[in-house]
Every structure is written in structure tokens, then in C-alpha cells.
Amino acid sequence: PTTTKAKALTMLAVIQQWNCDVGSGSCPCCPFHSAVHDARKCCERLRRFKCKRDYQPEAFAQCKSCGILSNEAECAEDPPAACEVCGTEAAMRAPGRRQSPRTSL
């Protein structure tokens, strides 16, 4: 499984791409916490979706240290690439066949 630290780091990379309204909603203190608040709202929306029993993450490789998945084809090369999240050298390994979820929002 992917570590909580790796999940938090990749979530941070996602919210850094958002332009959030500071001062609205229940978190007016700063741009960072406004983005975290918006991420929580998005996760709550996703949680209300119908179950997707056939959901599979999309990945060419997985870090053997932090467990993060990568859909970059070069990560599955030999020798394995270093992990972009935790930096472990030669950490990426193929997790099996590539999965491709078709999820609509």
C-alpha cells in the first residue's frame, strides 16, 4: 500500500495547482488551508459516488519504499528509476498489468 506520507505529498502537489477563494467557507485563515478545505470538499463529493467494485488504480510501476504508483512508462524500465516522491534510488518496479479506470465525475 501507499504510505500516508506519500499520499499527503502527492495531494499537496495536486492542491498547488488550484486557485482557491481565500476567506470563503469555513477556512478563511490562509491560501494553504483554503486549498486543504476545498480538497476535503472534493473528497466528500467523491465519497458519495456509487461504489465502483471494478476500480483499479492506473500504474506502470510502484515504489517498493513508499508505495506510490506511477503511470510513467519510463518507470517500468530496467534499471528501475528513482521514486519522484520519496527519492529512493531504483525503487520503481512493475506492479503487474496496467489498469485503466474509466471514472466519470
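The rules behind the values
Residue positions are given per chain, counted from 1 along the sequence in the order it is written. At least 70 in pLDDT is required for a residue's local features to be given in this predicted model, at least 80 for side-chain atom pairs to be given and counted, and no such filter applies to totals for whole chains, interfaces and linings, which use all residues. By convention in this description, side-chain values take in all heavy atoms of the structure and omit both hydrogens and water. Here, a salt bridge means any side-chain nitrogen of Lys or Arg that lies within 4 Å of a carboxyl oxygen of Asp or Glu. Numbering of helices and strands starts at the N terminus; helices are DSSP runs of H or I of at least 4 residues and strands are runs of E of at least 2. Burial here depends on accessible area, computed with a 1.4 Å probe over protein chains only, as a share of the maximum for the residue type. Under 20% is buried, over 50% is exposed, and the range in between is partly exposed. Think of a 1 Å grid over the protein atoms and nothing else: a 1.4 Å probe that fits but is trapped marks a cavity, an open set flanked by protein within 12 Å on at least five of seven lines marks a pocket, and residues with an atom within 4 Å of a point count as lining. Grid points are joined across faces, edges and corners, and a volume is the space filled by probe spheres set on the points. In the scheme used here, Gly and all other residues not listed as nonpolar or charged are polar, with Ala, Val, Leu, Ile, Met, Phe, Trp, Tyr, Cys and Pro taken as nonpolar and Asp, Glu, Lys and Arg as charged.

1. Things to note about the pattern of salt bridges
Part 1 of the argument: What the rule picks out here adds up to two salt bridges.
Part 2 of the argument: Its salt-bridge partner being Lys 41, residue Asp 38 comes within 3.7 Å of it at the nearest N-O pair. Of the two residues, Asp 38 and Lys 41 both sit in helix H2 (residues 31-47), three residues apart, roughly one turn of that helix.
Part 3 of the argument: On the basis of relative accessible area, Lys 41 is assigned to the partly exposed category, the value being 48%.
Part 4 of the argument: Close ionic contact of Arg 47 with Glu 44 constitutes a salt bridge, the shortest N to O distance being 3.1 Å. Taken together, the residues Arg 47 and Glu 44, both in helix H2 and three residues apart, mark about one turn of the helix.
Part 5 of the argument: Glu 44 gets classed as partly exposed once you look at its relative accessible area, which sits at 30%.

2. Re the layout of surface pockets
Part 1 of the argument: What the largest pocket holds in volume is close to 980 Å³.
Part 2 of the argument: Breaking the lining of the largest pocket down by element, the ones donating at least two residues are helix H1 (4-15), H2 and strand S2 (69-70).
Part 3 of the argument: When residues in the lining of the largest pocket are grouped by element, the largest group, five residues, is from H1.
Part 4 of the argument: A per-class count over the lining of the largest pocket returns 14 nonpolar, five polar and four charged.

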